[in-house]
Amino acid sequence: MTKRALITGITGQDGSYLAEHLLSRGYRVWGLLRGRANPRTSRVAHLVPDLSFVDGDLTDQASLLAAVDAVQPDEVYNLGALSSVPGSWQQPELVTDVNGTGVLRLLEAIRMVSDLSGSRHADGGRIRFYQASSSEMFGKATETPQSETTGFHPRSPYGVAKTYGHHITRTYRESFGMYAVSGVLFNHESPRRGAEFVTRKISLAAARIKLGRQKRLDLGNLDAVRDWGFAGDYVRAMHLMLQQEEPTDHVVGTGRLHSVRDAVRCAFACVGLDWTDHVVVDPALVRPAEVEVLCADSRRARAGLGWEPTVDFPALMRMMVHSDLERASREPAYGDLLQVAGR
Ligand code: NAP
Ligand code: G4F
């Protein structure tokens, strides 16, 4: 029977890769779209009409209930969130509502629809649920590397809200027997990554500076260290987590560490430039409370799901820089813009 999946966060980086992955496996896929009047669908426009949309917002219980009831999904992937960590200090209450309470609302919608229409699902009426948890929950990590048993010490409103989402998912699993799991995913990037995140900010700047469309790159903490992987690999892990006999949380990452400085060096080397000629450290971009190092211990995912990453860090940065060179070459040069403005 054709499986039906509902994805929140369909317009985001991961939503687009996951929709592609599920469609390629024969799923019918619906994306939850907020703000129909002005939807940001550029990342998934190429998937229409195979991909369908349903209205809804994680801050609105009634819309989630209606969406789950309309789609009658076998699997729900909750990828919707305000996902910028620095942004979460600007809008802490909204981030808590969307990234924290939003998870509770979606679990409630699934519970209610499952109770009402249980017989329509092969596995006893239960809709399987994936929660996009984050390595930001480890924050000021109590051990390195971090695994499924490492304690949480979040350092931002984003991390705190994600920690609530993680715990409420486990609580619904234990309270109601729901197949509800969290993937604790470490940083994953791609050419579709938002330009507010550091790797994409760097790849875009390297491309623009090479093409004479940008002068310099302002960055915050160059010493921060992350475990960066490719988003296309990580959505495979999300899908695998919902295909297991028992609902189990998994940590997903490469186990390889690189600093922001490494990312800059790598990206500028791709375009034949010395990064030290172009990068300026701006103290205003340093966070109120930084997460210095995150490193995944993904042994459970590798052994239990058979998951492996396929793209290493230098290949990931090259992929992003090459994509941005192509994109930036279509942007008007600064001089052209001045001419258009009549100056
Ligand atoms: P992203 O590109 O920032 O996408 C976020 C998505 O959430 C967008 O589609 C956005 O829709 C949607 N959204 C925002 N507010 C919403 C609301 N009130 N109701 C419904 N949807 C809403 O994020 P991503 O990188 O794909 O990440 C996907 C998920 O994984 C997020 O939950 C993120 O926190 C989590 N995560 C990401 C990483 C990573 O490294 N990428 C690592 C760990 C966890 P609009 O277009 O309408 O704004
Ligand atoms: O790219 P980032 O903004 O990613 P961050 O904060 O690690 O969060 C991302 O990964 C999380 C998983 O761990 C997700 F849950 C979350 O949704 C998001 O996708 O920053 C990475 C590092 C930080 O230490 C930051 O201080 O880069 C450092 N950095 C240095 N200069 C910068 C900059 N980050 C940004 N965004 N912009 C800078 O100019």
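A.B. asks: Help me understand the overall build of the protein chain, please; the structure alone is not making it clear to me.
C.D. replies: Each helix and strand counted, the protein chain has eleven helices and 13 strands in total. Against the 2.2 N^0.38 benchmark of 20 Å for 343 residues, the protein chain shows a C-alpha radius of gyration of 21 Å, consistent with a compact globule. Residues counted as buried form 51% of the 343 residues belonging to the protein chain. Across the protein chain, the fraction of contacts at a sequence separation of at least 24, relative to all contacts at a separation of at least 6, is 77%. Taken together, the 40 basic and 40 acidic charged side chains of the protein chain have centroids lying 3 Å from each other.

A.B. asks: Can you help me understand helix 1 (residues 13-24) in this one?
C.D. replies: Spacing of three or four residues puts side chains on the same side of an α-helix, whose turn is 3.6 residues. The first and last C-alpha atoms of helix 1 sit 17 Å apart over twelve residues, in line with the 16 Å expected at 1.5 Å per residue. Summarising burial for helix 1: nine of the twelve residues are buried, a large majority. Along helix 1, the positions that sit buried rather than exposed are Gln 13, Asp 14, Gly 15, Ser 16, Tyr 17, Leu 18, Ala 19, His 21 and Leu 22. Of the residues trailing helix 1, Gly 26 is marked for its positive phi of about 90°.

A.B. asks: Please explain the site of ligand 2 as it appears in this structure.
C.D. replies: Neighbouring residues of ligand 2: 24 residues in total, closest Ser 134, Ser 135, Tyr 158, Arg 287 and Glu 290. Between a nitrogen atom of ligand 2 and a main-chain N or O atom of Glu 196, the distance comes to 2.9 Å. Calculation on ligand 2 without its partners gives an accessible area of 710 Å², and the protein chains cover 95% of this total. Residue assignment for the shell around ligand 2 shows that the elements contributing at least two residues are helix 6 (198-210) and strand 8 (217-219). Residue composition of the shell around ligand 2, grouped by class: ten nonpolar, six polar and eight charged.

A.B. asks: Would you take a moment to explain unusual backbone geometry for this structure?
C.D. replies: Most peptide bonds are trans, and most residues other than glycine sit at a negative phi. The omega torsion across Val 48 and Pro 49 is 15°, close enough to zero to call that bond cis. Relative to the elements of secondary structure, Pro 49 occurs in the loop between strand 2 (28-33) and strand 3 (51-55). The step from Thr 144 to Pro 145 runs through a cis peptide bond, and the omega angle for that step is -5°. Along the chain, the position of Pro 145 falls in the loop between strand 5 (128-134) and helix 5 (157-176).

A.B. asks: Explanation requested: the site of ligand 1 in the structure shown.
C.D. replies: Around ligand 1 there are 25 residues in total, and Thr 11, Arg 34, Arg 40, Ser 83 and Tyr 158 lie nearest to it. Backbone polar atom of Gln 13 to an oxygen atom of ligand 1: 3.0 Å apart, as the coordinates give it. In isolation ligand 1 has 900 Å² of accessible area, and contact with the protein removes 92% of it. When residues of the shell around ligand 1 are traced back to their parent elements, those giving at least two are helix 1, strand 5 and helix 5. The leading source of residues in the shell around ligand 1 is strand 5, at three residues. Looking at the shell around ligand 1 residue by residue, the class counts come to nine nonpolar, ten polar and six charged.

A.B. asks: For this particular structure, what's the right way to read the sheet that holds strand 5?
C.D. replies: In sheet architecture, strand pairing relies on hydrogen bonds along the backbone and comes in two forms, parallel and antiparallel. One open sheet holds the seven strands; their spatial order is 3-2-1-4-5-6-11, and the pairing between them is parallel. This sheet does not close on itself; its edge strands, each paired only once, are strand 3 and strand 11 (250-252). Strand-to-strand, the axes of this sheet are offset by a mean angle of 25°, without reference to chain direction. Inspection of the sheet shows strand 5 paired to strand 6 (residues 180-185) by six bridges, in the parallel sense. Among the inter-strand pairings, Ser 134 is bridged to a residue of strand 6, identified as Leu 185. Across the face of the sheet, helix 5 comes into contact with strand 5 and strand 6 while running at roughly 150° to strand 5.

Calculation rules
Numbering of residues starts from 1 in every chain and runs along the sequence as written. Key to labels: chains lettered from A, ligands numbered from 1, both in the order written. Only residues with pLDDT of 70 or above have their local features reported here, since the model is predicted, and side-chain atom pairs are shown and tallied only from 80 upward, although totals for entire chains, interfaces and linings are computed over all residues. The side-chain values count all of the structure's non-hydrogen atoms but skip hydrogen atoms and water molecules. Only DSSP runs of H or I with at least four residues qualify as helices, and only runs of E with at least two residues qualify as strands; both kinds are numbered from the N terminus onward. Every radius of gyration here is taken over C-alpha atoms, with the globule rule written as 2.2 Å times N^0.38, N being the number of residues. Each residue gets one of three labels from its accessible area relative to the maximum for its type: buried under 20%, exposed over 50%, partly exposed in between, using a 1.4 Å probe on protein chains only. Working rule for contacts: check all heavy atoms of both residues, and any pair within 4.5 Å makes them a contact. His is not counted here, nor are the chain ends, while Lys and Arg score as positive and Asp and Glu score as negative. By convention, the charge on Lys lies at NZ, on Arg at CZ, on Asp at CG and on Glu at CD. Helix span, as expected, comes to 1.5 Å for every residue beyond the first. Working definition: residue near molecule or strand if any one of its non-hydrogen atoms lies within 4 Å of it. Any pair of nitrogen or oxygen atoms within 3.5 Å is treated as a polar contact; in protein, a donor-acceptor pairing is required on top of that, and neighbouring residues in sequence qualify only through side-chain atoms on both sides. Here, Shrake-Rupley sampling with a 1.4 Å probe gives the accessible areas, and only protein chains in the shown set may cover a residue. In this classification, Asp, Glu, Lys and Arg are treated as charged, Ala, Val, Leu, Ile, Met, Phe, Trp, Tyr, Cys and Pro as nonpolar, and every other residue, Gly included, as polar. Strands are labelled as partners when DSSP assigns at least two bridges between them. Every angle, taken between N-to-C directions, lies between 0 and 180 degrees, and every axis is a line fitted to C-alpha atoms, over only the stretch in contact when it is a helix.

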